[in-house]
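# Structural overview
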Amino acid sequence: MSLRIGDTAPDFTVETTEGTIDFHEWSGDHWVVLYSHPADFTPVCTTELGQTAKLKQEFDKRNVKPIALSVDPVDDHKKWVSDINDTQNTTVNFPIIGDKDRKVAELYDMIHPNADATATVRSVFIIDPNKKIRATLTYPASTGRNFGEILRVIDSLQLTDHHKVATPVDWVEGQDCVILPSISNEDAEKQFPKGWKELRPYLRMTPQPDK
Ligand code: BEZ
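The text that follows walks through the structure, step by step, so that each part is easy to find.

Definitions and cut-offs
- Residues numbered from 1 in each chain as written.
- Predicted model: local features only at pLDDT ≥ 70, side-chain atom pairs only at ≥ 80, totals over all residues.
- Heavy atoms only, no water.
- Helix = DSSP H or I, 4+ residues; strand = E, 2+ residues; numbered from the N terminus.
- Buried < 20%, exposed > 50% of the residue type's maximum accessible area, 1.4 Å probe, protein only.
- Polar contact = N/O pair within 3.5 Å; in protein donor to acceptor, adjacent residues only side chain to side chain.
- Contact = heavy atoms within 4.5 Å.
- Salt bridge = Lys/Arg side-chain N within 4 Å of Asp/Glu carboxyl O.

### Looking at the side chain of Arg-145
- Assignment of secondary structure puts Arg-145 in the loop between β7 (133-139) and α6 (147-160).
- Given the relative accessible area of 8%, Arg-145 is considered buried.
- A distance of 2.9 Å separates a polar side-chain atom of Arg-145 from the backbone oxygen of Ser-36.
- Dropping the residues within four chain positions of it, Arg-145 is found in contact with Tyr-35, Ser-36, His-37, Glu-48, Arg-122, Ser-123, Val-124 and Tyr-139.

### Section: the pattern of salt bridges
- Within the structure shown, the criterion is met by 11 salt bridges.
- With a shortest N-O distance of 2.6 Å, Arg-152 and Glu-149 are connected by a salt bridge. Within this pair, Arg-152 and its partner Glu-149 are both found in helix α6, separated by 3 residues, close to a single helical turn.
- Relative accessible area serves as the criterion here: at 25%, Glu-149 is assigned to the partly exposed category.
- Its salt-bridge partner being Asp-187, residue Lys-190 comes within 3.4 Å of it at the nearest N-O pair. Of the two residues, Lys-190 and Asp-187 both sit in helix α7 (residues 185-191), 3 residues apart, roughly one turn of that helix.
- Lys-190 sits in the exposed class, given a relative accessible area of 60%.

Next comes the structure, spelled out in C-alpha cells:
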C-alpha cells in the first residue's frame, strides 16, 4: 500500500554519493525532502538536481535536508554529478541515493508500473523531524518539479505547526492566513492580536501570525 500523509517514513540503509546512510539517523532532527528521479544522465533531472544545490541556503533556513534517489548505481551518480555541476553552474551539496536494487523505490512506491515498469516517477516526500510524512507530490517523468512550490509547502507546514491557521490558495510567506474554523471568535481574540477580517463566519483572514 502506498504511503500516506501522517504515516511514519520507513527507515532504510542505503549507499549514496556521500557514503552509506541510515535514513532516520541521517535525518536527525531535520525536515527532509526525499525525491526520486527516473534515471541518471537525463535532462530534466539534471536541472532539478542543479536547482536543489542552488537552493541550499533556502533549505538550511528551514532546517531541511534534501536527498535525491535514482535507481542507478552510485558510481554513475558520481559521474553525473560532474555534468550537473558543469551545466547548472553549481556544486551538488546533498546525497543522491544509488537505489540499484530498487529497495527504497519499492518501499516508497516510487515505481508506477503503468507509467514505466522500471524507472521511478518524480515522487516527493516532505518528512518532519518526527519522521512523519507531511506532504507528497507525484509528477510524471516529463514534467520537472517546481522547487518554489516545495519550499512553499514547507513554509506552510512549519507555520501551521505553531499557529492555529491554514494557508489559502497560492499563499506565500508573509501573506494573510485563514484562522482555523475550529477556533471561536473569543479564542481568536487572544491568539490573533492583530485582528482579522471576517468575510464569512468560516472565512476569517488574519495577518501571518509570526510576522
Ligand atoms: C528527464 O529527466 O529528462 C527525463 C527522464 C525520463 C523521461 C523524460 C525525461
